[in-house]
Amino acid sequence: QVQLVESGGGLVQAGGSLRLSCAASGGTFSDHVMGWFRQAPGKGREFVTAISRSGGSTNYADSVKGRFTISRDNAKNTVYLQMNSLKPEDTAVYYCAASWLGGRTPGTYDYWGQGTQVTVSS
(Lines give C-alpha, C1' and ligand atoms only; values in the text may rest on other atoms or scores of the structure.)
Protein backbone atom coordinates (compact mmCIF):
# COMPACT_ATOMS: atom_id res chain seq x y z
CA GLN A 1 0.00 0.00 0.00
CA VAL A 2 1.41 3.36 -1.05
CA GLN A 3 0.60 6.50 0.90
CA LEU A 4 0.98 9.87 -0.80
CA VAL A 5 1.09 13.27 0.86
CA GLU A 6 1.07 16.49 -1.18
CA SER A 7 2.37 19.84 -0.01
CA GLY A 8 3.21 23.25 -1.42
CA GLY A 9 -0.18 24.56 -2.48
CA GLY A 10 -1.35 28.06 -1.72
CA LEU A 11 -2.50 31.40 -3.07
CA VAL A 12 -0.49 33.08 -5.80
CA GLN A 13 -1.05 35.93 -8.22
CA ALA A 14 -1.39 35.31 -11.93
CA GLY A 15 2.04 34.98 -13.52
CA GLY A 16 3.54 33.60 -10.32
CA SER A 17 5.02 30.21 -9.50
CA LEU A 18 4.46 27.39 -7.06
CA ARG A 19 6.23 24.08 -6.48
CA LEU A 20 4.19 21.13 -5.30
CA SER A 21 5.76 18.11 -3.65
CA CYS A 22 4.37 14.63 -3.11
CA ALA A 23 6.08 12.35 -0.63
CA ALA A 24 5.45 8.63 -0.92
CA SER A 25 5.74 5.94 1.71
CA GLY A 26 5.05 2.21 1.66
CA GLY A 27 5.72 0.07 -1.39
CA THR A 28 8.58 0.74 -3.79
CA PHE A 29 8.37 4.26 -5.18
CA SER A 30 10.37 3.52 -8.31
CA ASP A 31 7.92 0.77 -9.28
CA HIS A 32 5.24 3.34 -10.04
CA VAL A 33 4.50 5.85 -12.74
CA MET A 34 3.63 9.08 -10.94
CA GLY A 35 1.05 11.59 -12.06
CA TRP A 36 -0.53 14.88 -11.12
CA PHE A 37 -4.22 15.56 -11.64
CA ARG A 38 -6.36 18.53 -10.72
CA GLN A 39 -10.00 19.15 -10.01
CA ALA A 40 -11.69 22.54 -10.14
CA PRO A 41 -15.06 23.15 -8.44
CA GLY A 42 -17.89 21.56 -10.39
CA LYS A 43 -15.53 19.81 -12.80
CA GLY A 44 -14.11 16.33 -13.20
CA ARG A 45 -10.60 15.27 -12.30
CA GLU A 46 -8.25 16.37 -15.08
CA PHE A 47 -4.88 14.93 -16.09
CA VAL A 48 -2.02 17.41 -15.71
CA THR A 49 1.20 15.45 -16.16
CA ALA A 50 2.91 12.12 -15.55
CA ILE A 51 6.46 10.84 -15.28
CA SER A 52 7.89 7.38 -15.94
CA ARG A 53 9.43 5.17 -13.28
CA SER A 54 12.98 6.29 -14.06
CA GLY A 55 12.03 9.90 -14.72
CA GLY A 56 13.25 9.67 -18.28
CA SER A 57 9.86 10.21 -19.90
CA THR A 58 7.18 12.80 -19.20
CA ASN A 59 3.74 13.60 -20.55
CA TYR A 60 1.80 16.87 -20.23
CA ALA A 61 -1.69 18.12 -20.86
CA ASP A 62 -1.73 20.73 -23.61
CA SER A 63 -3.08 23.31 -21.16
CA VAL A 64 0.10 23.21 -19.04
CA LYS A 65 2.77 22.32 -21.59
CA GLY A 66 5.65 24.78 -21.45
CA ARG A 67 4.58 26.14 -18.05
CA PHE A 68 4.61 23.11 -15.73
CA THR A 69 7.46 20.64 -15.14
CA ILE A 70 7.21 17.30 -13.41
CA SER A 71 10.25 15.64 -11.86
CA ARG A 72 10.98 12.89 -9.38
CA ASP A 73 13.70 11.90 -6.95
CA ASN A 74 13.55 8.16 -6.40
CA ALA A 75 16.12 8.36 -3.61
CA LYS A 76 13.78 10.68 -1.70
CA ASN A 77 10.53 8.95 -2.74
CA THR A 78 9.22 12.30 -3.91
CA VAL A 79 7.66 13.71 -7.06
CA TYR A 80 7.51 17.43 -7.78
CA LEU A 81 5.40 19.74 -9.90
CA GLN A 82 6.97 23.08 -10.74
CA MET A 83 4.26 25.45 -11.93
CA ASN A 84 5.26 28.69 -13.63
CA SER A 85 3.28 31.44 -15.37
CA LEU A 86 0.21 30.45 -13.41
CA LYS A 87 -3.21 31.49 -14.67
CA PRO A 88 -6.53 31.84 -12.83
CA GLU A 89 -7.78 28.81 -14.75
CA ASP A 90 -5.10 26.71 -13.03
CA THR A 91 -7.04 27.13 -9.78
CA ALA A 92 -7.94 23.65 -8.51
CA VAL A 93 -7.18 20.98 -5.96
CA TYR A 94 -4.06 19.19 -7.18
CA TYR A 95 -3.68 15.48 -6.55
CA CYS A 96 -0.65 13.27 -6.72
CA ALA A 97 -1.23 9.69 -7.87
CA ALA A 98 0.73 6.47 -8.37
CA SER A 99 0.09 3.87 -11.03
CA TRP A 100 1.43 0.47 -12.04
CA LEU A 101 0.43 1.18 -15.63
CA GLY A 102 0.53 4.94 -16.13
CA GLY A 103 -1.64 6.87 -18.58
CA ARG A 104 -3.79 9.98 -18.63
CA THR A 105 -6.99 8.69 -17.07
CA PRO A 106 -7.67 8.68 -13.32
CA GLY A 107 -8.93 5.10 -13.45
CA THR A 108 -5.46 3.77 -14.23
CA TYR A 109 -4.01 5.18 -11.01
CA ASP A 110 -4.02 3.01 -7.94
CA TYR A 111 -3.06 5.33 -5.12
CA TRP A 112 -3.99 8.95 -4.45
CA GLY A 113 -2.99 11.72 -2.10
CA GLN A 114 -5.46 13.90 -0.26
CA GLY A 115 -4.89 16.89 -2.52
CA THR A 116 -3.54 20.39 -2.06
CA GLN A 117 -5.36 23.60 -3.01
CA VAL A 118 -3.84 25.93 -5.56
CA THR A 119 -5.55 29.29 -6.02
CA VAL A 120 -4.41 31.76 -8.66
CA SER A 121 -5.79 35.27 -8.34
CA SER A 122 -6.16 37.61 -11.32
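Anything mentioned here points back to the structure above.
The text that follows walks through the structure, step by step, so that each part is easy to find. (Residues numbered from 1 in each chain as written. Predicted model: local features only at pLDDT ≥ 70, side-chain atom pairs only at ≥ 80, totals over all residues. Heavy atoms only, no water.)

Scanning the entire structure with this criterion turns up four salt bridges. For the salt bridge of Asp 90 with Arg 38, the shortest nitrogen-to-oxygen distance reads 2.9 Å. Note that Asp 90 is positioned in the loop between strand S8 (78-83) and strand S9 (92-99) and Arg 38 in strand S4 (residues 33-39), a separation of 52 residues in sequence. Here Asp 90 falls in the buried class, since its relative accessible area comes to 0%. What makes Arg 38 buried here is its relative accessible area of 6%. With a shortest N-O distance of 2.8 Å, Arg 67 and Asp 90 are connected by a salt bridge. Taken as a pair, Arg 67 in the loop between strand S6 (58-60) and strand S7 (68-73) and Asp 90 in the loop between S8 and S9 lie far apart in primary sequence, 23 residues in all. Across the pair, exposure class does not vary: Arg 67 and Asp 90 are buried alike. Counted as one network, the salt bridges with shared partners bring together Arg 38, Glu 46, Arg 67 and Asp 90. (Salt bridge = Lys/Arg side-chain N within 4 Å of Asp/Glu carboxyl O. Helix = DSSP H or I, 4+ residues; strand = E, 2+ residues; numbered from the N terminus. Buried < 20%, exposed > 50% of the residue type's maximum accessible area, 1.4 Å probe, protein only.)

This next bit is on the nonpolar core. Nonpolar side chains in soluble globular proteins tend to be buried together. In terms of nonpolar packing, the biggest core is built from 34 residues, with Leu 4, Trp 36, Val 79, Met 83 and Tyr 94 touching the most fellow members. For this core, the secondary-structure elements that each account for two or more residues are strand S3 (18-25), S4, strand S5 (46-51), S7, S8, S9 and strand S11 (116-121). If you tally residues by element for this core, the top one is S9, at five residues. Look past the residues within four positions of Tyr 94 in its chain and what remains in contact with it is Glu 6, Leu 20, Trp 36, Phe 37, Arg 38, Val 48, Phe 68, Leu 81, Met 83, Gly 115, Thr 116 and Val 118. (Core = buried A, V, L, I, M, F, W, Y, C linked by side-chain atoms within 4.5 Å. Contact = heavy atoms within 4.5 Å.)

Looking now at the pairing of S4. By the criterion of burial, S4 is predominantly enclosed, with six of the seven residues buried. Bridging between S4 and S9 involves seven bridges; their strand directions are antiparallel. Following the sheet pairing, Met 34 is matched in S9 by Ala 98. In terms of strand pairing, S4 meets S5 through five bridges, oriented antiparallel. Residue pairing across strands places Phe 37 opposite Phe 47, the latter belonging to S5. Between the antiparallel neighbours S4 and S5 lie six residues, among them Gly 42 with a positive phi of about 80 degrees. (Pairing = 2+ DSSP bridges.)

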